Every structure is written in structure tokens, then in C-alpha cells.
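# Geometric and topological summary
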Amino acid sequence: QAFEELSGIHRHVALQHAGDIGQQAGLAVAKQAAAEVSPSSGPAPVGDADGLSGHSDSSPEITCTLPDTSHVSYDDLTSKVGEVLLYYCYCEVKDPEKLCAWQKALCEHLHLTGKVRVASEGINGTVGGSKVATNLYIEVMLSQPLFKDILCQEDFKTSAGGAHCFPDLRVGVFKEIVPMGIDPKTVSYKETGIHLSPQEFHREVEQYLSQANQGHSDTILLDCRNFYESKIGHFQGCLAPDIRKFSYFPSYVDENLELFKDKRVLMYCTGGIRCERGSAYLRSKAVCREVYQLKGGIHKYLEEFPDGFYRGKLFVFDDRYAICSNEDIISACRYCGTLWDQYKLCSSQHCRQFVLTCPGCRNKGLTACCPVCQEKELKVTSRASGQTLKEECECTRRRPRVPIEHVSQRTLDTGKD
């Protein structure tokens, strides 16, 4: 198959051959680590000399133990009634390949599905399984010497779900545990903003909205997520950049530095991880007066304030697409304008973007993200090879990659969502 641009090859490989490449690339590493991974009577205690393999606390070794599941029935371990865990941990990982191999073995051992990203800067995971399996997973993670005094029980955000929320298990080694596109050595998580608890963040937002209503706020409430996430749910009065990927966030900051000059910035995202790097990047520009971030993200905020200042659904990156804490619907059907916030994938195989189309419009055959895609779906059904190639939709191409905010004209309607 011929490609006009290198990016086309990357998209094709990511869609059609990612599994094969990952399997081949991780085979040698997995075999090497498999000898060290063996079931035990329980996870190695934190700080245990055997678990540390002679290393000091400042440079802990990765222990490859698996939890004992002999006392758990297969039905309990694989029950469809369970939960989804969302967590991350920034720390120095000297052997990402070994950590990756252990994570893969651990998730398979507990019948967990989901996505886990490992890098030299830490780990980021979203996994689903039975309640028994996720509890064991948390227990083992907290007992891993690598995460000692860094990861705690509260760092795991939970929501109703299970292994069925993900199509498979994907564990890999990457340069960043959250894809911002900036070398971690250039902008480090160690230079992050000031963390605010959900209670502290709630008070800050309350004060911000009060000042904004009076027209003299020196604060920006910044949503670090993508536009399709903020579209179905966000904090009242927030600035939600119209960006498609988090990797566009640094460019957004660069192009809108005047917007942040001498401002107090309150940042938030789904679970907190994007704010770690995002706030570090914003601070590196030295234009803001102060930069704060919501610890634990929207997930933790909604646990304490389900009817607080966040309205609408919370977008999640699994087959559920969204979870709710209140009954508000703040988005509308792409075609008829009816209030609607349940995402589906665009029906055009070349696109597959998220689209809001209500049942009535779907019954009329309006299942694509835009009229152009709807028409293309009828014309393009398959390639000569029998495979389809994902490409950017025309409606996405018309959206500016990095929007420019007009500071003098920008106003926040704090009375609406």
C-alpha cells in the first residue's frame, strides 16, 4: 500500500499492526522477566530486604511477585460485576522493560483488562476487573518497593465497571506516561504546580465564580482536557481549550501566553495526571502569578462534591465513554440539537471520531460525525486489501489545531454550564 506522508504509515501501523509489533517487541523482555515472576503467599512487604534485593531505599529494585489467588474462586476473580481503576505514579524507573513485563504478568494473573503505560518517569494505568481482582491489584501495587512512600490508597480512583469495559489488555513502554510530546527531561513532573485537595479546589472555584460575576477576577479556571471531553462535562466558568489532543496543549500555552500573564491559574483534568505535566509546562513560561491543580482530578472531586461546580458527564477512555454524578446534560445532538451526551463512534470506517447523535437521528441513518463523513461512508466501504485506513475527518481539519484566545473580548458566562 502506498502512502503520501509518513504520518499515514504511522496511523496504518497503529490501527492494523500494533498488536503484532507489541507482541514481538515485548517477547524477549517478557521471557526474561517471567523467570522472576512467580506466585507467592502474598505481596512482598514494603521495605523488605529480599524485595529490595540489596538496593537502598533511594534506589529500590522492582519486585516481580504475584499475589496468591488459590483462596479465591475463579468465578469471583472473573466476575463481570466489578470496577475500573484509574491511577498514576511519577517516580524514577531504572528498568521500565522489567516493570512493564511484571505489570503484564500481574494483570493477566488477575484477569484484568485495560491500558498501562510505563516509562522512566513512572507508570499510568486504567484497568478493569472484578472487585476481588482490583483489590488484589491495589494491594500488590502498594507493596511494590518502587512505589514506596509515593503511591497510596487514595491515589486509586474507582468507578463501577469491570474487565468488559476494555477490549483487551495493553501494557507498553513509552517515553512519557501521558503523551504531552515534551521530553520529560526538559519539563519534569518535579516542577508541577501546587496541589489542592477537592475541598480546597471547591473553595477556590466558589471564590473565583463570585469574583467573576462581579467582573474583577484575576483567576483562570483551566480545563486541560480535549474538546470532546469538556463538551459533555466541565466546571462552571472554565476556559476549555478547543484542542483535539493533549499534545497540542504546550502549543496552546505558547500561542496564548498573554492570556495567562500575571494570572492565578486553577487547572484540572480527569484524574490529575495531565495537570502534573501541564502545570509544569505553564510554570516553565514564568508568566503566571500562581499555578494550582486539582489533586486526584475530577474523579476525586466528584466523590466529595457530586452536585458541586462540575456539571455534566465525565468522559473516560474506555468502552463506557462517560460516567455521571449528576443529571445535567450540557451538550446536544450533532444533527437536531436535542440535549444529548452519549457518545458513539463515527460510523465512517475511515474516521471513527466521537459523535453525539441522538436515537432519533441515528434511526434516520445520521450516524457519522459530520455530513461529509456521512457521504464518504456511502462511497468508501473498503480498501483493496480489505482493510480501512483511519484519517482525519474534514470537519476536524477545519478546526484550528491551536486556537487563539482573544483576551480583550473573552468573557466567562459563569451562570451557565
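The rules behind each value
Residues numbered from 1 in each chain as written. Predicted model: local features only at pLDDT ≥ 70, side-chain atom pairs only at ≥ 80, totals over all residues. Heavy atoms only, no water. Pairing = 2+ DSSP bridges. Helix = DSSP H or I, 4+ residues; strand = E, 2+ residues; numbered from the N terminus. Axes fitted to C-alpha atoms, helices over the stretch in contact; angles between N-to-C directions. Contact = heavy atoms within 4.5 Å. Disulfide = S-S within 2.5 Å. Buried < 20%, exposed > 50% of the residue type's maximum accessible area, 1.4 Å probe, protein only. Expected span 1.5 Å × (residues − 1). Core = buried A, V, L, I, M, F, W, Y, C linked by side-chain atoms within 4.5 Å. Domains from an automatic or database assignment. Phe/Tyr/Trp six-rings, centres within 6.5 Å; stacked < 30°, edge-to-face > 60°. Lys NZ or Arg CZ within 6 Å of the ring centre and 35° of its normal. Parallel < 35°, antiparallel > 145°, perpendicular 65-115°, else oblique. Nonpolar A, V, L, I, M, F, W, Y, C, P; charged D, E, K, R; others polar.

With an unreviewed UniProt entry as reference, the chain is termed Thiosulfate sulfurtransferase/rhodanese-like domain-containing protein 2, source organism Chlamydotis macqueenii.

Within a beta sheet, neighbouring strands are joined by backbone hydrogen bonds and run either parallel or antiparallel to one another. Within the open sheet, the 5 strands sit side by side as β6-β3-β5-β4-β7. Their pairing is mixed. The open sheet is flanked by β6 (157-161) and β7 (169-173), the only strands paired with a single partner. Averaged over all pairs of adjacent strands, the angle between strand axes in this sheet comes to 10 degrees, irrespective of strand direction. Those strands touched by helix α5 (residues 96-109) are β3 (82-90), β4 (113-119), β5 (122-130) and β7, and its axis lies near 170 degrees from that of β7. Against the sheet, helix α6 (residues 131-143) touches β3 and β5, its axis set at about 15 degrees to β3.

Let's shift gears to the state of the cysteines. With the rule as written, the count across this model stands at 0 disulfides. Take cysteine 91: it sits in no disulfide, and the sulfur closest to it among the cysteines is that of cysteine 89, at 4.2 Å. The class for cysteine 91 is buried, based on a relative accessible area of 3%. Just so you know, cysteine 275 is unpaired, no disulfide at all, and the nearest cysteine sulfur is the one on cysteine 269, 3.7 Å from it.

All right, on to α5 then. Spanning 14 residues, α5 covers 20 Å between terminal C-alpha atoms, matching the ideal 20 Å at 1.5 Å per step. Residues Pro96, Lys98, Leu99, Cys100, Ala101, Trp102, Gln103, Leu106 and Cys107 constitute the buried set of α5. Residue histidine 111 follows α5 closely and has a positive phi angle near 60 degrees.

Below, the discussion takes up the sheet that holds strand β8 (residues 194-196). One open sheet accounts for 4 strands, arranged β8-β12-β11-β9; its pairing is parallel. If you trace the sheet from one side to the other, it starts and ends with β8 and β9 (219-223), each paired once. Going from strand to strand, the sheet's axes swing by 25 degrees on average, the running direction of each strand aside. Where strand β11 (residues 264-268) meets strand β12 (residues 290-294), 4 bridges bridge the pair, whose relative direction is parallel. Paired with methionine 267 across the two strands is glutamine 293, which belongs to β12. Of the strands in this sheet, β8, β9, β11 and β12 touch helix α7 (residues 198-213), which is tilted by about 130 degrees from β11.

Moving on, we come to the nonpolar core. Of all hydrophobic cores here, the largest spans 33 residues; its most connected members are Leu222, Phe249, Phe260, Met267 and Leu282. Mapped by element, the contributors of at least two residues to this core are β3, β9, α9 (249-255), α10 (257-260), β11 and α11 (273-284). Taken together, domain 1 (75-173) and domain 2 (194-323) each give at least three residues to this core, which thus spans both. Beyond its immediate sequence surroundings of up to four residues, leucine 282 is in contact with Val253, Phe260, Val265, Met267, Cys288 and Val291.

This paragraph deals with the packing of aromatic side chains. Under the criterion given, the structure shown has 19 aromatic pairs. Here a set of aromatic residues connected by ring pairs shows up, and it is made of Phe227, Tyr228, Phe315, Phe317, Tyr321, Tyr343 and Phe354. Stacked on the ring of tyrosine 335, the Lys or Arg arginine 334 has its end atom at 5.5 Å from the ring centre.

Here we come to the packing of α7 against helix α12 (residues 297-304). When two helices pack together, their arrangement is captured by the angle between the axes and the distance separating the axes. Relative orientation of the contacting elements α7 and α12 amounts to 85 degrees, with a least axis distance of 9 Å. With respect to α12, the axis of α7 lies roughly perpendicular. In this structure, α7 uses Pro198, Gln199 and His202 to contact α12, whose residues at the interface are Lys300, Tyr301 and Glu304. Along the lines of polarity and charge, the residues of the contact of α7 with α12 split into 2 nonpolar, 2 polar and 2 charged.

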